[in-house]
Amino acid sequence: MVKNRLWQALLQRINFDPAFSIVDSMPLPVCRFARANRCRRLRDISAYGHDEVVRKTFLGVRTHLHICWSGFIVGLAIAPANVHEISVAKELLAGSSGWVLADHKYWSPELKQRLTEHGLHLQAPFRKAKIEPRHWPIWLKHKRYRIETVIGQLVERFKAKKVWARDAWHFWSRWFRRVLRYTFAELITD
């Protein structure tokens, strides 16, 4: 709780434009797949999911990040790996306004309509690029890569893929510590 409140207090001091943001998710395996049936780490919140980057099934959770354009993490949600991104996006983007860029996993006409009613315009490409009637411009695709940089920094600098916690309380505590350190480092470098 203290780390979460300190992170929220730091976000209040940061001058960022909430009108343009990006959302994406990253998988967090809690153990190797061969040990999945006897793994005790985060047993209450982990589930089997698919990692599209390495093209493998994993046991773990999925971290959903909402960043502002300047690169600060303004929203965080952690869900079991089998929960779809669209259902997490509904709660992660609640209360936001402006424009949000996302990847193809967040494409849903119902979600887009629901968010538009609340003043948030979701821009996500079709799930299959071949059938998309109007392709995204290259510059817009490159703007979405900013969240890939944030995820890369979390993984490399703050060892975000290492899940050593055995229970949810310690896991959340470590994640808020990582997000707090990242936000503080970004605040210092700005």
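Up top you'll find the structure we're talking about.
One structure accompanies this document, and this report is about it. (Residues numbered from 1 in each chain as written. Predicted model: local features only at pLDDT ≥ 70, side-chain atom pairs only at ≥ 80, totals over all residues. Heavy atoms only, no water.)

1. Some thoughts on the packing of helix H1 (residues 2-13) against helix H5 (residues 168-189)
- Packing of H1 against H5 leaves a shortest axis separation of 9 Å and a crossing angle of 25 degrees. What the angle tells us is that H1 and H5 run roughly parallel. As for the relative orientation of H1 and H5, their crossing is left-handed in sense. Where H1 abuts H5, its residues Lys3, Asn4, Leu6, Trp7, Leu10 and Leu11 lie against Ser173, Phe176, Arg177, Val179, Leu180, Thr183, Phe184 and Leu187.
- By residue class, the composition of the contact of H1 with H5 is nine nonpolar, three polar and two charged. (Axes fitted to C-alpha atoms, helices over the stretch in contact; angles between N-to-C directions. Helix = DSSP H or I, 4+ residues; strand = E, 2+ residues; numbered from the N terminus. Parallel < 35°, antiparallel > 145°, perpendicular 65-115°, else oblique. Left-handed = near helix turned anticlockwise from the far one by under 90°. Contact = heavy atoms within 4.5 Å. Nonpolar A, V, L, I, M, F, W, Y, C, P; charged D, E, K, R; others polar.)

2. Notes on the nonpolar core
- Ranked by internal contacts, the top residues of the largest apolar core, which has 37 residues, are Trp7, Ile73, Leu76, Leu154, Phe171 and Trp175.
- If we ignore the near neighbours within four places in the chain, the residues touching leucine 154 are Leu65, Ile73, Lys159, Ala160, Trp175, Arg178 and Tyr182.
- Grouped together as the second largest cluster of nonpolar side chains are 16 residues, Val88, Ala102, Tyr106 and Leu122 included. (Core = buried A, V, L, I, M, F, W, Y, C linked by side-chain atoms within 4.5 Å. Buried < 20%, exposed > 50% of the residue type's maximum accessible area, 1.4 Å probe, protein only.)

3. A closer look at the side chain of threonine 183
- By the secondary structure assignment, threonine 183 is in helix H5.
- Engagement of the side chain of threonine 183 in a polar contact is seen with the backbone oxygen of valine 179, the distance being 2.8 Å.
- In contact with threonine 183, other than residues within four places in its own chain, are Trp7, Leu10, Leu11, Ile14 and Phe72. (Polar contact = N/O pair within 3.5 Å; in protein donor to acceptor, adjacent residues only side chain to side chain.)

4. A short note on the packing of aromatic side chains
- Overall, the coordinates contain five aromatic pairs when judged by the stated rule.
- Ring centres of phenylalanine 20 and tryptophan 69 lie 5.1 Å apart, and the angle between their planes is 70 degrees; on these two criteria the pair is classed as edge-to-face. Separated by 49 residues along the polypeptide, phenylalanine 20 in strand S1 (residues 20-29) and tryptophan 69 in the loop between strand S3 (56-68) and strand S4 (73-80) bring together distant segments of the chain.
- With relative accessibility at 28%, the residue tryptophan 69 sits in the partly exposed group.
- A connected cluster of aromatic rings, assembled from ring pairs, spans Trp7, Trp172 and Phe176.
- Here the guanidinium or amino end of arginine 146 rests over the ring plane of tryptophan 69, the centre of that ring lying 4.0 Å away.
- Positioned over the ring face of tryptophan 175 is arginine 178, at 5.9 Å from the centre of the ring. (Phe/Tyr/Trp six-rings, centres within 6.5 Å; stacked < 30°, edge-to-face > 60°. Lys NZ or Arg CZ within 6 Å of the ring centre and 35° of its normal.)

5. Topic: a positive patch on the surface
- Together, Arg32, Arg35, Arg38, Lys159 and Lys162 make up a positively charged patch on the protein surface.
- By secondary structure assignment, the location of arginine 35 is in the loop between S1 and strand S2 (47-51).
- Its relative accessible area of 46% is what places arginine 35 among the partly exposed residues. (Patch = residues over 30% accessible without salt bridge, like charges linked within 9 Å, V, L, I, M, F, W, Y side chains within 5 Å. Areas by Shrake-Rupley, 256 points an atom, 1.4 Å probe, with all protein chains shown as cover. Salt bridge = Lys/Arg side-chain N within 4 Å of Asp/Glu carboxyl O. Lys, Arg positive; Asp, Glu negative; His and termini not counted. Charge placed at Lys NZ, Arg CZ, Asp CG, Glu CD.)

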